[in-house]
Amino acid sequence: MRKLALFLSLILFVGSQTLTAQTKAIAGKVVDNFGEAIPGVSIVVKGTTIGTISRPDGTYQLNVPEDAASIVFTFVGMATQEVALTGQSTINVTMESDSEDIDEVVVTAMGIKRSEKTLGYAATTVNNEELIKARNTNVSSSLSGKVAGVQVQTNSSDPGAASSVVIRGFSSINGSNQPLYVVDGIPLQSSTLNLNELDKSGQAVSTSGLSNVSADDIESMTVLKGAAATALYGSRASNGVIIITTKTGKKGKEKNFTVTYNGGLQFREVSLLPDFQNDFGQGWNGKQTYIENGSWGPALDGSTQVYGPIYNNEQLIHTYSAKNDNVKDFFEIGVSQSHSLSISGISEDEKMDYYLSYAYSNDDGIMPSDADSYKRNTIAYRTNYKATEWLKISSSVNFARSETDLVSSYQGTSVIDGLYEMPRDISIVDMEDTSSPFNQPQAYFTPYGVTNPYWSLENNYNHLDSKQIYGKLQLDINPIKDLTLTYRFGFDYSDYDLKIGTPQIAVDDELINEDYGYSPVNMNQDGNVYARYRRSYELNHDFLANYDTKFNNISFAAIGGVNINETSATALIGQTDVLTFDTGFWDLSNGSTKSTLGEAQQKKRVIGLFGDATFGYNEMLFLNLSARNDWSSTLPIDDNSYFYYGTTLSWLFTELLPRNNVLSFGKIRLAYGKTGNDADVYQTGTRYVQGYAHGYYGSNIASFPMNSSNSFIASTIAGSATLSPEMTTESEIGMNLQFLNGRLGLDASYYNRKTDKQIFELPVDPSTGYSYNVLNFGEVENKGFELLLSTTPIRTNNFRWDVDVNFSVNKNKVLSLPESVEGGKVQIYRFAAGDDAVYMYAEEGKPMGQYYTYLPQYVTDDESEFFGSPIVDSHGQPVLGEDVEDTGRDMNHDWTGGVNTTLSAYGFSLSAALDVRYGGTMFSRTKNLMQFTGNGIATTYNNRNPFIIPNSVQATDNGDGTMSYSENTEVLKLSDSSIQDYYNKFGYGNGARPI
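About the cut-offs
- Residues numbered from 1 in each chain as written.
- Predicted model: local features only at pLDDT ≥ 70, side-chain atom pairs only at ≥ 80, totals over all residues.
- Heavy atoms only, no water.
- UniProt positions renumbered as here; feature names shortened; annotations may be inferred.
- Helix = DSSP H or I, 4+ residues; strand = E, 2+ residues; numbered from the N terminus.
- Rg over C-alpha atoms; globule rule 2.2 N^0.38 Å.
- Contact = heavy atoms within 4.5 Å.
- Areas by Shrake-Rupley, 256 points an atom, 1.4 Å probe, with all protein chains shown as cover.
- Lys, Arg positive; Asp, Glu negative; His and termini not counted.
- Charge placed at Lys NZ, Arg CZ, Asp CG, Glu CD.
- pLDDT = per-residue confidence, 0-100.
- Phe/Tyr/Trp six-rings, centres within 6.5 Å; stacked < 30°, edge-to-face > 60°.
- Buried < 20%, exposed > 50% of the residue type's maximum accessible area, 1.4 Å probe, protein only.
- Pairing = 2+ DSSP bridges.
- Axes fitted to C-alpha atoms, helices over the stretch in contact; angles between N-to-C directions.
- Polar contact = N/O pair within 3.5 Å; in protein donor to acceptor, adjacent residues only side chain to side chain.
- Core = buried A, V, L, I, M, F, W, Y, C linked by side-chain atoms within 4.5 Å.
- Domains from an automatic or database assignment.
- Salt bridge = Lys/Arg side-chain N within 4 Å of Asp/Glu carboxyl O.

The chain goes by Outer membrane cobalamin receptor protein in an unreviewed UniProt entry, where it is assigned to Saccharicrinis fermentans DSM 9555 = JCM 21142. Entered under Subcellular location (unreviewed entry) in the UniProt record, the comment concerning the chain runs "Cell outer membrane". One UniProt comment on the chain, placed under Sequence similarities (unreviewed entry), says "Belongs to the TonB-dependent receptor family."

Looking only at helices and strands, one finds 7 helices and 54 strands in the chain. Relative to its length of 995 residues, the chain is compact, with a C-alpha radius of gyration of 34 Å against a globular reference of 30 Å. Expressed as lengths along the three principal axes of its C-alpha atoms, the size of the chain is roughly 105 × 75 × 70 Å. Expressed as a percentage of contacts within the chain between residues at least 6 apart in sequence, the contacts between residues at least 24 apart total 66%. Total accessible area computed for the chain in this model is approximately 45,400 Å², and 53% of it derives from carbon and sulfur atoms. Charge separation in the chain, taken as the distance between the mean sites of 72 positive and 114 negative side-chain charges, equals 11 Å.

For the chain, mean pLDDT is 87; residues scoring 70 or higher make up 93% of the total. The model gives residues 1-21 a pLDDT under 50, and that stretch makes 33 contacts with residues more than four places away or in other chains.

Tallied over the full model, the rule gives 31 aromatic pairs. Taking the centre distance of 6.4 Å and the plane angle of 80° together, the rings of Trp 284 and Trp 296 count as edge-to-face. With Trp 284 in the loop between strand S19 (257-268) and strand S20 (303-311) and Trp 296 in the loop between S19 and S20, this pair connects stretches of sequence that are 12 residues apart. Taking the relative accessible area as the measure of exposure, Trp 284 reaches 24% and is therefore partly exposed. An angle of 80° between the planes, with centres 5.9 Å apart, marks the rings of Tyr 311 and Phe 438 as edge-to-face. Of this pair, Tyr 311 sits in strand S20 while Phe 438 sits in the loop between helix H4 (415-420) and helix H5 (453-459); the two residues are 127 residues apart in sequence, bridging distant segments of the chain. Look at Tyr 311 and you get buried, because its relative accessible area is 8%.

So, about the sheet that holds strand S6 (residues 81-84). Read across the open sheet, the 4 strands follow the order S3-S2-S5-S6; overall the sheet is antiparallel. With partners counted over all chains shown, the strands left at the sheet margins are strand S3 (51-53) and S6, one partner each. This sheet shows a mean twist of 20° between the axes of neighbouring strands, independent of strand direction. Relative to S6, strand S5 (residues 70-74) runs antiparallel, the two being bridged by 4 bridges. Counted as the bridge partner of Phe 73 is Gln 81 from S6.

We now examine the environment of Asn 239. In this structure, Asn 239 sits in the loop between helix H3 (227-230) and strand S18 (241-246). The residues touching Asn 239, leaving out its near neighbours within four places in the chain, are Ile 167, Ser 171, Ser 176, Asn 177, Gln 178 and Pro 179. At a separation of 3.5 Å, a polar atom in the side chain of Asn 239 contacts the main-chain carbonyl oxygen of Gln 178.

Attention now moves to the nonpolar core. Grouped together as the largest cluster of nonpolar side chains are 23 residues, with contacts concentrated most on Phe 330 and Phe 331. Broken down by secondary-structure element, the contributors of at least two residues to this core are H4, H5 and helix H6 (925-933). Considering each element in turn, this core owes the most residues, 3 residues, to H4. The contacts of Phe 330, once residues within four sequence positions are left out, are Met 367, Pro 368, Val 415, Leu 419, Ile 428, Val 429, Pro 453, Tyr 454 and Leu 457.

The 3 strands lie next to each other as S4-S1-S7, forming an open sheet whose pairing is mixed. Looking at the sheet topology across the chains shown, the edges are occupied by strand S4 (59-65) and strand S7 (93-95). On average, each strand axis in the sheet is tilted by 35° relative to the strand beside it, whichever way the strands run. The pairing of strand S1 (residues 23-32) with S7 spans 3 bridges and is parallel. Within S7, the residue paired with Val 30 across the bridge is Val 93.

For the chain, the assigned domains are domain 1 (23-94) and domain 2 (105-247). Summarising the inter-unit geometry, the C-alpha centres of domain 1 and domain 2 are found 46 Å apart.

Before going further, it helps to spend a moment on H6. Listed as buried for H6 are Asn 928, Leu 929, Met 930, Gln 931 and Thr 933. Buried residues belonging to H6 abut H4, strand S47 (836-843) and helix H7 (978-984). Just downstream of H6, Gly 934 is the residue with a positive phi angle, here 75°.

All right, on to the environment of Glu 726 then. As for its placement among the helices and strands, Glu 726 is situated in strand S40 (residues 726-739). Between the C-alpha atoms of Glu 726 and Gly 778, which are 52 residues apart in sequence, the distance is 9.7 Å. Filtering out sequence-adjacent residues up to four positions away, Glu 726 remains in contact with Ser 172, Thr 675, Gly 676, Asn 677, Thr 755, Asp 756, Lys 757, Gln 758 and Ile 759. Polar contacts involving the side chain of Glu 726 include one to the side chain of Ser 172, which spans 3.4 Å.

Turning next to the pattern of salt bridges. A full pass over the atoms with the stated rule returns 23 salt bridges. Between Arg 168 and Glu 730 there is a salt bridge; the shortest N-O distance is 2.6 Å. Here Glu 730 lies in strand S40 and Arg 168 lies in the loop between strand S12 (163-167) and strand S13 (180-183), a separation of 562 residues in the sequence. Judged by relative accessible area, Glu 730 falls into the buried class, the value being 3%. For Asp 542, the salt bridge identified is with Arg 488, shortest N-O distance 3.5 Å. Taken as a pair, Asp 542 in strand S29 (residues 528-551) and Arg 488 in strand S27 (residues 483-502) lie far apart in primary sequence, 54 residues in all.

Trans peptide bonds make up most of the peptide bonds, and negative phi angles are found at most residues other than glycine. Of note, Arg 944 is a non-glycine position whose phi angle comes to about 60°, a positive value. Structurally, Arg 944 can be placed in the loop between H6 and strand S53 (953-957). The exposure class assigned to Arg 944 is buried, which follows from its relative accessible area of 4%.

Where burial is concerned, most of strand S17 (residues 218-224) is hidden: 6 out of the 7 residues are buried. Pairing geometry for strand S10 (residues 123-127) and S17, over 5 bridges, is antiparallel. Looking at S17, one finds that Thr 124 is bridged to Val 223. Relative to S18, S17 runs antiparallel, the two sharing 6 bridges. If you follow Ser 220 over to S18, its bridge partner there is Thr 245.

Attention shifts here to the side chain of Asn 590. Within the secondary structure, Asn 590 sits in the loop between strand S30 (554-579) and strand S31 (591-617). For Asn 590, a relative accessible area of 1% puts it in the buried group. With residues near it in sequence (within four places) discarded, Asn 590 still touches Val 578, Leu 579, Thr 580, Phe 581 and Phe 585.

Locating Asn 452 in the fold gives a position in the loop between H4 and H5. Assessed through its relative accessible area of 0%, Asn 452 is described here as buried. Beyond its immediate sequence surroundings of up to four residues, Asn 452 is in contact with Met 431, Thr 434, Asn 439 and Tyr 444.

Below, the discussion takes up the pairing of S40. Sheet topology note: the strand S34 (residues 663-677)/S40 ladder contains 14 bridges and is antiparallel. Opposite Thr 675, over in S40, you have Thr 728 as the bridge partner. Looking at chain direction, S40 and strand S41 (residues 744-756) are connected through 13 bridges and run antiparallel. Within S41, the residue paired with Gly 734 across the bridge is Ser 749.

Let's shift gears to the environment of Glu 786. Within the element layout of this structure, Glu 786 appears in strand S44 (residues 779-795). For Glu 786, a relative accessible area of 2% puts it in the buried group. Expressed as a C-alpha distance, the spacing of Glu 786 and Gly 897, which sit 111 residues apart in the sequence, is 9.3 Å. Setting aside its immediate chain neighbours within four residues, Glu 786 contacts Ala 148, Gly 149, Arg 168, Lys 225, Asp 747, Ala 748, Ser 749, Tyr 751, Phe 807 and Ser 808. A polar contact of 2.9 Å, which involves the side chain of Glu 786, links it to the side chain of Arg 168.

So, in structure tokens, the structure goes:
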């Protein structure tokens, strides 16, 4: 490397040395911190082109002007040095490695700043430069592919969509698996509004938390993964902690302040769509039907055909040929922009610094119009004031306001269903003129549960307004040397106002001349307005004492304190139905009947007492001990205390090795920790709810208030007076290595995490008066390894190439569940629509998220000649099991990884990132829909000619407990819908669900 550098430097400096009439000779030698000579060091008189390079033995000689002020020494992989000229004729220089990571300061739990080399657990820091490269609206998405063991998933590409962040796998079966976010020492509420749980539009959107923090305001984000790293933060830190350190005031180069603008513009388009078939068009049973919303019709032949109902003596006409890009052409180019302006500075006496910023983000999605959009405004102010030598005052206030418009995804007037159920011969972009009755429900070409996507965009309403204000006031007192006393008050308030409007459709047949057997009135709906308002706050009081000192070669740092945390939330909901004005007036007063009116409140308080101590020996061996005890209001009043702890050990073994340029840094670390996670509110006793009654054929057939009377009854969920917190224990071993003075780095970890005493609502016999009982049971294990490789293959004075690669494997397993719980498994998700059903379970002995569905049956008699053959019924269709069965597939990835690379030259940079999640199974509602409508390419098997399911057999019960089998001869064909049923009801060979 040094020979190459010497050669490049010789080329660079040919002819660069200039002699003037009045010069002075300077000579010397350049060595590294091991005393070895460094050839090829660039030695330049500052502010001139006068320079030279060091010889192979490290020596140099340079003639400098008499008025020269300093000489600058630079070399690849070494920290630049500037030496002032004060008349000396000999200047010898020792250059130090500029490795950025060895002595990097990391902000850890409770705002403790520690050198990275002393940490005994895995902690990865992502700086501002990496976070802002992609200009993501939600900064959590910027972590994707950058941190080993961290999975960042966004549930959709919609503007404002929430991101899910999971560290080291899913641990809690029934609770949250999201990490705790801490901004400048203040825990932040991170609320996600899941509209699917409200039986609304199907999306999950962020209403507060990290989504309201501008990436331009962030200095760095540090991910704490293990239990030992997060124990001090209490209950909510059992799934890891992401610490956000924001920017503070800094002095400019020439003035006491700087003004900075950052901006970005993104364009995006649909990159992937389902594979559509383009051989068959509108129809059913292989015949053309003019009002069908599927493509089970005849083969496309390019003929001119009519379609849709006859309305006012008119009918639509088109060419019966494939519109290959009819779905893709519907979408537009999405545009996202972000801007931020900040002023940062210090006072003249340098006692106060300040930072003030304003940021604006606007994201208009890929749907036509601005029906899918997100706007956010943020203001941030921070200041630190050194009042005296012993008193420092810090404060921050942050405000964010956002508006989100969503496009619903459900059957009916949903845009997505309307697109994917469109026959392949019908153009979608020709429906943009919604003033035409043929592009309205009144005369739309199909009345079968979907409508014009453009009309849906115009007439559905789904709007969310949210705001958040958070910050802190902090006092730091230094009564004596090495001791700091801190009081920190943190606050976080947020609220949102959600309004969802479904239009009324009230068409009639007055102008319909021919409806082909199914009238457009079947699309009629009453319409409704749904409103939800929620406000919440979180308050934190921290009292801390921090002592940091050193005795000879022994270092000691300790922190102790008390945390008082209070959270509260209130929600109001209402819904009115049967609209007076069919669309556009989205007010609860527009409904003729009020079907929903409700209110929910909750409050929780946790008091924690904690301590942390770090002992260091000779800057080589570091032992850390931490502990915390919490008292939670959501646990039984007589047993609401729980204790947990963490311990780590790190050994810098390279301190014992001879100094060398190959292995420049090496550390081995061990960690063990335990964290607790308390219960949700109101799970320790019986709650009372407004009275209601179920009937034989339906739920809530009667409810109070009724006839001006009200009533309350006990909830069907029995609380537990013996409930205990969910506990997580984790052990970790790791190694950090750096080679070639930081040009090559390796961070490796192995961990084993177990989460026990999961909190569930267990079904019980209704004769007890309850349907569920809250209990502790179940244990989940996550174990795996993480690798992070950081390299700088090329680095010169004006060019740098960085490549970071991370790779992780996590193995998840449910270790125990009670046999009484559905035979050792617990349902954590389900989807059912018509004949379709898919379930996701946590099952003992298997990875969490095991898929169950109705599976096709096969001959299991290994003595039969038909062993392994699929069994069909008398109609030739697959026989499905009577009960759902394990598919053998689960949701977990086999491995995850990422590659990040940056090329930097002359102040410009070009970056690329790759995020990989390999393996695991997902449930696809889209695939299911494509098979139902005949638009999926799989439905063209055998060119839709009649076929027999290959190798299938029919079973006969012999009456003696045995079965006999015979070759199946029943043919599936379009004319009797049996081919359609094969793909729709029986799942195309994979059971009733496309998994």
